Amino acid sequence: VMMLRTARRYDLATDTIIFGNGLPMTKENLRYAGLHDYVDSMFKFCRGMGVLGVDNAEYALLTAICIFSDRPGLENGHLVEKVQEMYVLALMAYLKYRRAPNSSFLAKMLMKLTELRTLSVEHADVLFALKVEKGSLPPLLMEYFDIMEA
């Protein structure tokens, strides 16, 4: 979900991610913050979403699909899957309305969901390594991910 929010804030023209306060963040800024090699994957995903021209409704539906997905420890997974299916159907209907008929856009969006899963695992590894390496996350990442120091 954070990656989708980040992609929504990506500016294709400047190749930056615009924070809520209007501050643009470059790859170099985020590398300095401790994200290192993950930055390239993150910007590639964001750029891909920008090139596709994903709108706010599509981002919202993709976010809902991600939230209502299978994950470890989930109880009543079949119920969550039913909710997710409703959002997938809503996305399909919206794309049929907004995009060219018979376009491959739905397939491209579903591939982005697959890419998101890979990025999520990579992101968790990066955050864990930062926590182990530094004892806590750098202040910029604490602010970005809205994490309070315990």
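Structure: above.
Residues numbered from 1 in each chain as written. Predicted model: local features only at pLDDT ≥ 70, side-chain atom pairs only at ≥ 80, totals over all residues. Heavy atoms only, no water.

1. So, the environment of Leu 106
Turning to step 1, where the next piece is worked out: By secondary structure assignment, the location of Leu 106 is in helix 6 (residues 105–134).
Turning to step 2, where the next piece is worked out: Take Leu 106: its relative accessible area is 24%, and that puts it in the partly exposed class.
Turning to step 3, where the next piece is worked out: Along the sequence, Leu 106 and Lys 96 sit ten residues apart, while their C-alpha atoms lie 8.8 Å from each other.
Turning to step 4, where the next piece is worked out: In contact with Leu 106, other than residues within four places in its own chain, are Leu 91, Met 92 and Leu 95. (Helix = DSSP H or I, 4+ residues; strand = E, 2+ residues; numbered from the N terminus. Buried < 20%, exposed > 50% of the residue type's maximum accessible area, 1.4 Å probe, protein only. Contact = heavy atoms within 4.5 Å.)

2. Some points on the sheet that holds strand 2 (residues 16–18)
Turning to step 1, where the next piece is worked out: Read across the open sheet, the three strands follow the order 1-2-3; overall the sheet is antiparallel. Among the strands making up the open sheet, the edge pair consists of strand 1 (10–11) and strand 3 (24–25).
Turning to step 2, where the next piece is worked out: Lying on the sheet, helix 3 (residues 38–52) is in contact with strand 1, strand 2 and strand 3; it crosses strand 2 at an angle near 75 degrees. (Pairing = 2+ DSSP bridges. Axes fitted to C-alpha atoms, helices over the stretch in contact; angles between N-to-C directions.)

3. Considering the nonpolar core
A general feature of soluble globular proteins is that nonpolar side chains tend to end up buried together.
Turning to step 1, where the next piece is worked out: One finds Met 3, Leu 30, Met 42, Phe 45 and Met 49 to be the most contacted residues of the largest nonpolar core, which totals 30 residues.
Turning to step 2, where the next piece is worked out: Among the elements that make up this core, the one with the highest residue count is helix 3 (eight residues).
Turning to step 3, where the next piece is worked out: Those residues in contact with Met 42 that sit more than four places away from it in its chain are Met 3, Thr 6, Ile 17, Leu 30, Leu 35 and Leu 119. (Core = buried A, V, L, I, M, F, W, Y, C linked by side-chain atoms within 4.5 Å.)

4. Structural notes on the layout of surface pockets
Turning to step 1, where the next piece is worked out: Approximately 520 Å³ is the volume found for the largest pocket.
Turning to step 2, where the next piece is worked out: Every residue lining the largest pocket is counted, 24 residues in all, and those nearest its centre are Val 1, Cys 66, Leu 116, Arg 117 and Ser 120.
Turning to step 3, where the next piece is worked out: When contributions to the lining of the largest pocket are tallied by element, the ones reaching two or more residues are helix 1 (2–8), helix 3, helix 4 (56–67) and helix 6.
Turning to step 4, where the next piece is worked out: At eight residues, helix 6 tops the list of elements feeding residues into the lining of the largest pocket.
Turning to step 5, where the next piece is worked out: When grouped by side-chain class, the residues that make up the lining of the largest pocket number 15 nonpolar, six polar and three charged. (1 Å grid on protein atoms, 1.4 Å probe; cavity = no way out; pocket = protein on both sides within 12 Å on 5 of 7 lines; lining within 4 Å. Points joined across faces, edges and corners; volume = space filled by probe spheres on them. Nonpolar A, V, L, I, M, F, W, Y, C, P; charged D, E, K, R; others polar.)

5. Here's the deal with the packing of aromatic side chains
Turning to step 1, where the next piece is worked out: Under the definition given, this model contains three aromatic pairs.
Turning to step 2, where the next piece is worked out: Centroid distance Tyr 10 to Phe 43: 6.0 Å. Interplanar angle 85 degrees. Geometry classified as edge-to-face. Of the two residues, Tyr 10 is situated in strand 1 and Phe 43 in helix 3; the sequence distance between them amounts to 33 residues. The same class applies to Tyr 10 as to Phe 43, namely buried.
Turning to step 3, where the next piece is worked out: A ring pair is formed by Tyr 94 and Tyr 97, whose centres lie 6.5 Å apart and whose planes are at 45 degrees; its orientation type is tilted. Here the residue Tyr 94 and the residue Tyr 97 both occupy positions in helix 5 (residues 77–98), the gap between them amounting to three residues, near one helical turn.
Turning to step 4, where the next piece is worked out: Judged by its relative accessible area of 22%, Tyr 94 falls in the partly exposed class.
Turning to step 5, where the next piece is worked out: Under the relative-accessibility criterion, Tyr 97 is labelled exposed at 71%.
Turning to step 6, where the next piece is worked out: Over the ring of Phe 105 we find Arg 99, and its NZ or CZ is 3.6 Å from the ring centre. (Phe/Tyr/Trp six-rings, centres within 6.5 Å; stacked < 30°, edge-to-face > 60°. Lys NZ or Arg CZ within 6 Å of the ring centre and 35° of its normal.)

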